[in-house]
Amino acid sequence: MKKIKMVGVDETLINETLSNGLKVYLLPNKNVKNFYMTFSTKFGSNDTEFKKTNAKKTMSVPNGTAHFLEHLTFKMKGNIDATDYFVKLGSDVNAYTTFNVTCYEVFGYDLFKENLETLLDFVQTPFYTEKLVEEEKGIIKEEVKMYDDDIETELIFRLFKNSFHKDNTKNLVSGTVEDVQSISLNDLEKAYKTFYHPSNMYVTITGNFNAEEALAIIEGNQEKKKFPRKESVIKIKEKEPNTVVKEFEEIKRDVEIDKVNIGLKIPYSAFSSLKLTRLQENVYINILTNSMFGRTSKIKEKLVSGNIITDGLYVSRTYLENHVFVNIIAETPYPKRYITLMEEAIKEFEIEEDELIRKKRVAISNLIKCFDDIEETNNLIQSDILEYGDINANLYNIYNDLNIKTAKKIASKINTKNKSILVVKKKKTEKK
């Protein structure tokens, strides 16, 4: 059992890799009454083409396969849904699929052993039939149609499609209705056998539990099961250009007030001369974009006081292999003026040392607070595993070591050189 001391936050993460390759991450918190356990596979919507290391041919699955598999994994023999088991245990179970992971999650207060074994068992005992696949297609297609009618989803994914040439980030995690219809039982079995091997999966548990007991339960559970021989998998990715597909698009929808999404596509190669780790680059980008567009930013105050936007700016970052993509979404009655002011603000932005110091303090404070929330702690651990391949125990010191010279250099690379803008305009009411 490996113990990882989390610097600056007085927490110790326990890590173990089992003989079948399954990784286990445990962080107990006796100050809470509940527990949060996740069982995840490194298989997301972006992983549609892949090959096993020694194989000559590549394999592929349709867009939306990871999400479809998430749905179907809950189905069990005897027409039982795994959710029914957790209802009896008094726990909440759910799952989600992102670009790079499928995660099955359980929140509970009692019966820790039963919850943990049930989570491991239902994910590792697939039951797929042609009939189940066809039945689930109808359910998922209805879900996809709901996304089609959701303005927020369209704001984000239409901009992704306008920004990425090759990267599967341009596609809906669920796939389109056509994608869902094309998914076969063979596709699902192929994906499960490839990506649901214990060596490609990990268990993360946070909250009120005993770490020794948790590890004993997981080891005992896995020893009862037989798995195929471990084979390394290579995910095939096409090189993504730095340019965007479309710089501007305007569409009309049933909205009360116009909406704008500005996307900045920033290549990591722009920071190569700084000799930073990917984590350091992401920390700087996160802090700088918060400074640029966050709640206390100058441009936000200017836009609100000038009645250019109705509320605030919604900022998100998508960290990919070769790019970071920054979305800034706002609701505005004056899209043209809003875009002009935002472009000027990005071009003229400069961070001062006192601002960086304030942002560092906030980041450190948030990091410490994060460990009081078992869901945030679990997400932080998973983020490290997925984005960096290992746990970053030194994040506290990385925040402390941020300096104004490097911050200014990185800020200069956060620009509108490769940008895409999507404007959602209110439909005009036809006169009778």
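Here, every reference points to the structure presented above.
Below is a summary of the structure that appears in this document. Given the structure is predicted, the values throughout are model-derived calculations rather than measurements.

## Describing the overall build of the protein chain
Thought 1: In terms of helices and strands, the protein chain carries 15 helices and 17 strands.
Thought 2: Rg of the C-alpha trace for the protein chain: 23 Å, near the compact-globule value of 22 Å for 432 residues, within the 12% margin.
Thought 3: Along the longest, intermediate and shortest principal axes, the C-alpha atoms of the protein chain span 65 × 60 × 45 Å.
Thought 4: Across the 432 residues in the protein chain, those meeting the buried criterion constitute 51%.

## Comments concerning the sheet that holds strand β5 (residues 49-52)
Thought 1: Read from one edge of the open sheet, three strands run β6-β5-β12, paired in antiparallel fashion. Of all strands in the sheet, those bounded by a partner on one side alone are β6 (59-60) and β12 (233-235).
Thought 2: Pairing of β5 with β12 involves three bridges; the strand directions are antiparallel. In the sheet register, Lys 51 faces β12, and the bridge partner there is Ile 234.

## Quick look at helix α12 (residues 353-370)
Thought 1: In a regular helix each residue adds 1.5 Å, so 18 residues correspond to 26 Å; α12 covers 25 Å between its end C-alpha atoms and thus fits that length.
Thought 2: For α12, the set of buried residues is Glu 355, Leu 356, Lys 359, Lys 360, Ala 363, Ile 364, Leu 367 and Cys 370. For α12, the buried positions fall inside an angular range of 170 degrees around the axis, keeping them on one side. Counted as exposed and oriented over 90 degrees from the buried face of α12: Arg 361 and Lys 369.
Thought 3: Looking at the packing, one finds that the buried side of α12 touches α9 (278-293), α13 (374-388), α14 (395-400) and α15 (404-411).

## Quick notes on the sheet that holds strand β14 (residues 259-267)
Thought 1: One open sheet holds the five strands; their spatial order is β13-β17-β14-β16-β15, and the pairing between them is mixed. Bordering the open sheet on either side are β13 (248-253) and β15 (314-319), each of which pairs with just one other strand. The average undirected angle you get between the axes of adjacent strands in this sheet is 15 degrees.

## Things to note about the pairing of strand β3 (residues 23-28)
Thought 1: Pairing geometry for strand β2 (residues 11-17) and β3, over four bridges, is antiparallel. When the sheet's bridge partners are listed, Glu 16 is paired in β3 with Val 24.
Thought 2: Joining the antiparallel neighbours β2 and β3 is a turn of five residues, in which Gly 21 adopts a positive phi near 100 degrees.
Thought 3: In terms of strand pairing, β3 meets strand β11 (residues 201-207) through six bridges, oriented parallel. The residue bridging Tyr 25 from the neighbouring strand is Thr 204, located in β11.

## So, the environment of Thr 41
Thought 1: Structurally, Thr 41 is set in strand β4 (residues 35-41).
Thought 2: Each C-alpha atom, one on Thr 41 and one on Asn 168, is 18 Å from the other, the two residues being 127 residues apart in sequence.
Thought 3: Reaching out from Thr 41, the side chain makes a polar contact with the backbone oxygen of Phe 195 at a distance of 2.5 Å.
Thought 4: At 3.3 Å, the side chain of Thr 41 and the side chain of Asn 200 are in polar contact.

## Some thoughts on the nonpolar core
Thought 1: Counting 59 residues, the largest nonpolar core has Phe 293, Leu 313, Ile 328 and Tyr 338 as its most contacted members.
Thought 2: For this core, the leading source of residues is α9, giving eight residues.
Thought 3: Setting aside residues up to four positions removed in sequence, Tyr 338 forms contacts with Val 260, Ile 262, Leu 303, Ile 308, Ile 309, Leu 313, Ile 328, Ala 330 and Thr 332.
Thought 4: Counting 52 residues, the second largest nonpolar core, distinct from the first, contains Leu 18, Val 24, Phe 50 and Ala 211.

## Some thoughts on the packing of aromatic side chains
Thought 1: Applying the stated rule across the entire model yields 19 aromatic pairs.
Thought 2: Here Phe 74 and Tyr 104 contribute two aromatic rings whose centre-to-centre distance is 5.9 Å and whose plane-to-plane angle is 50 degrees, an arrangement assigned as tilted. You can see Phe 74 sitting in the loop between α1 (65-73) and β7 (75-76) and its partner Tyr 104 sitting in strand β10 (residues 102-108), a full 30 residues away along the chain. An identical accessibility class is assigned to Phe 74 and Tyr 104; each is buried.
Thought 3: Ring plane angle 55 degrees and centroid distance 5.3 Å describe the contact between Phe 164 and Phe 325, whose orientation is recorded as tilted. Taken together, the residues Phe 164 in the loop between α5 (151-163) and α6 (177-182) and Phe 325 in strand β16 (residues 323-331) connect sequence positions 161 residues apart. When sorted by exposure, Phe 164 lands in the same class as Phe 325, which is buried.
Thought 4: Through a chain of ring-to-ring contacts, three or more aromatic side chains come together here, namely Phe 74, Phe 86, Tyr 104, Phe 122, Tyr 128, Tyr 192 and Tyr 196.
Thought 5: A cation sits over an aromatic face here: Arg 278 above Tyr 268, 3.5 Å from the ring centre.

About the criteria used
- Residues numbered from 1 in each chain as written.
- Predicted model: local features only at pLDDT ≥ 70, side-chain atom pairs only at ≥ 80, totals over all residues.
- Heavy atoms only, no water.
- Helix = DSSP H or I, 4+ residues; strand = E, 2+ residues; numbered from the N terminus.
- Rg over C-alpha atoms; globule rule 2.2 N^0.38 Å.
- Buried < 20%, exposed > 50% of the residue type's maximum accessible area, 1.4 Å probe, protein only.
- Pairing = 2+ DSSP bridges.
- Expected span 1.5 Å × (residues − 1).
- Arc of directions from axis to C-beta.
- Contact = heavy atoms within 4.5 Å.
- Axes fitted to C-alpha atoms, helices over the stretch in contact; angles between N-to-C directions.
- Polar contact = N/O pair within 3.5 Å; in protein donor to acceptor, adjacent residues only side chain to side chain.
- Core = buried A, V, L, I, M, F, W, Y, C linked by side-chain atoms within 4.5 Å.
- Phe/Tyr/Trp six-rings, centres within 6.5 Å; stacked < 30°, edge-to-face > 60°.
- Lys NZ or Arg CZ within 6 Å of the ring centre and 35° of its normal.

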